[in-house]
Amino acid sequence: MKQTISLVMIVKNEANTLKRCLDSVVKYVDEIVIVDTGSTDNSKKIAESFHARIIDYAWKNDFAAARNFALEQSTGDWNFVLDADEYVSNDCMESLKNFVAYHRNAIGKIKRIDKFAGTDGINYEQIYISRLFPSHCRFTGKIHEQVDSDLPRIKLDIEIQHDGYFQQTKNSRNIPILKEVIAQQPDDPYYHFHIAKEYRGLEDHEQALIHLKQAYAQITGQEGYAPSVIVNLLYAMIASGHLEDGIQVIENCEEFLSNYADFYFVSALYLLELILSNPEEYSGLIPFIEQFYQRALEIGETGSEGSVVGTGSFAAHHNLGVFYEVIGDSIKASEQYLKAAGYEYEPSIKRLEKLNG
């Protein structure tokens, strides 16, 4: 018996991205259910053009409540959840068909690639999220809601792109809700981690560091996002200039993150900042910068939860090239830039042009 799939979404004023999203997924689903929480733009007309069922809903400052209301409207055997600022970027027909045919009691995790502006240009972070599940499943959590189920999670060959936070902000909506949740659950590292990401988006690195320190103190290491807490903590130390505790974090976490390229990448960045802040005291750490970038390259691009594309390849090659150039080894620098240029990494291409005169 054919298993039906419903696309279930909540939207508000998403006219700029909704068509792109629906275009990318319409051929994979049997129905489209859109719950609108108060759009004043063209969102509903766009949804109508895809023959979606549209239901109005009064926003209650609770994402799980809105999601669950939307799920109640679905008639499919399975629900596939997307946001309007996401879109499917690979051909996943076979993956979808096989999963719903053979995994009646499981939840599908899909890869989402988040586009964001980093200090070195545009970056892409990879995370895995539960977005395809049986019709009886529901969400919990007022914000950064999660599927409330003990069913096993299975990674699927489904990839979506997300650019909703690139060069724009939704922090004014998310931060008050996160503050409210943290007031109720002050020892939950999950919400401290997510509010830190919101503050990072606002470039408020002091507040980001405060919450990342709290998340770091509370994680057990069993959380899927634990590596991201540690990596983001080091980035926040660099961005805020509060470098005093980073060495201890690196020493404490190296065994835990021994196969995580992002950890070695940010550790090398951190050591450079630490050395520059006090060369007399920390110059002895210079060799570790090279070692850490080399270790990141040994690990390579693993697609690990929360990893940023390039930390195990072109970005590490480029930064290692910069390191060699600074210490006066132009031959090794050129070798690393050339490897990064093989990925069409523009900063390395420009450095090669300059070195070659």
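Given the structure is predicted, the values throughout are model-derived calculations rather than measurements.

Caption draft 1: Main features of unusual backbone geometry. The phi torsion at histidine 51 lies on the positive side, around 60 degrees, for a residue other than glycine. Tracing the chain through its elements places histidine 51 in the loop between helix H2 (43-49) and strand E3 (53-56).

Caption draft 2: Highlighting the pattern of salt bridges. Scanning the model with the defined rule gives 16 salt bridges in all. Residue arginine 138 pairs with glutamate 72 through a salt bridge whose shortest N-O separation is 3.1 Å. Taken together, the positions of arginine 138 in the loop between strand E7 (121-134) and strand E8 (139-140) and glutamate 72 in helix H3 (residues 63-72) put the pair 66 residues apart, joining distant regions of the chain. Take arginine 138: its relative accessible area is 22%, and that puts it in the partly exposed class. The exposed category is assigned to glutamate 72, whose relative accessible area is 52%.

Caption draft 3: Highlighting the pairing of strand E1 (residues 5-11). Among the 7 residues in E1, 7 count as buried, and that is most of the element. Burial along E1 is two-sided: the residues Ile5, Leu7, Met9 and Val11 and Ser6, Val8 and Ile10 are all buried. Pairing between E1 and strand E2 (residues 31-36): 6 bridges, direction parallel. Residue pairing across strands places leucine 7 opposite isoleucine 32, the latter belonging to E2. In this fold, the crossover linking E1 to E2 by way of helix H1 (residues 18-25) has right-handed handedness.

Caption draft 4: Inspection of the layout of surface pockets at higher detail. Computed from the structure, the second largest pocket encloses a volume of approximately 260 Å³. As for the second largest pocket, its lining consists of 13 residues, and the residues nearest its centre are Leu272, Ile289, Val322, Phe323 and Val326. Among the elements of the structure, helix H10 (261-277), helix H12 (286-299) and helix H13 (314-326) are those that each provide at least two residues to the lining of the second largest pocket. Its residues assigned to classes, the lining of the second largest pocket shows 12 nonpolar, 1 polar and no charged.

Caption draft 5: Representation of a nonpolar patch on the surface. Together, Val322, Val326 and Ile327 make up a nonpolar patch on the protein surface, roughly 270 Å² of accessible area in all. Tracing the chain through its elements places valine 326 in helix H13. Exposure remark for valine 326: the relative accessible area of 67% places this residue in the exposed category.

Caption draft 6: Quick look at the packing of aromatic side chains. One pass over the structure, following the stated rule, counts 14 aromatic pairs. Aromatic side chains tryptophan 59 and phenylalanine 63 sit 4.8 Å apart centroid to centroid with 70 degrees between the ring planes, which places their arrangement in the edge-to-face category. A relative accessible area of 31% places tryptophan 59 in the partly exposed class. Residue phenylalanine 63 is classed as buried on the basis of its relative accessible area of 9%. A connected cluster of aromatic rings, assembled from ring pairs, spans Tyr190, Tyr191, Phe193 and Tyr225. The positively charged end of lysine 155 is found above the aromatic ring belonging to tyrosine 128, 4.0 Å away from the centroid.

Caption draft 7: Quick peek at empty space enclosed by the protein. Overall, the coordinates contain 1 cavity of 30 Å³ or more when judged by the stated rule. By volume, the largest cavity amounts to about 50 Å³. Around the largest cavity, the lining residues are Tyr260, Ala261, Asp262, Gly300, Glu301, Thr302, Gly303, Ser304, Ser307, Val308, Thr311 and Gly312. Counting only elements with at least two residues in the lining of the largest cavity, the list comes to H10 and strand E11 (307-308). For the lining of the largest cavity, the class distribution of residues is 3 nonpolar, 7 polar and 2 charged.

The rules behind the values
Residues numbered from 1 in each chain as written. Predicted model: local features only at pLDDT ≥ 70, side-chain atom pairs only at ≥ 80, totals over all residues. Heavy atoms only, no water. Helix = DSSP H or I, 4+ residues; strand = E, 2+ residues; numbered from the N terminus. Salt bridge = Lys/Arg side-chain N within 4 Å of Asp/Glu carboxyl O. Buried < 20%, exposed > 50% of the residue type's maximum accessible area, 1.4 Å probe, protein only. Pairing = 2+ DSSP bridges. Right-handed = clockwise from strand over helix to strand, strands pointing away. 1 Å grid on protein atoms, 1.4 Å probe; cavity = no way out; pocket = protein on both sides within 12 Å on 5 of 7 lines; lining within 4 Å. Points joined across faces, edges and corners; volume = space filled by probe spheres on them. Nonpolar A, V, L, I, M, F, W, Y, C, P; charged D, E, K, R; others polar. Patch = residues over 30% accessible without salt bridge, like charges linked within 9 Å, V, L, I, M, F, W, Y side chains within 5 Å. Areas by Shrake-Rupley, 256 points an atom, 1.4 Å probe, with all protein chains shown as cover. Phe/Tyr/Trp six-rings, centres within 6.5 Å; stacked < 30°, edge-to-face > 60°. Lys NZ or Arg CZ within 6 Å of the ring centre and 35° of its normal.

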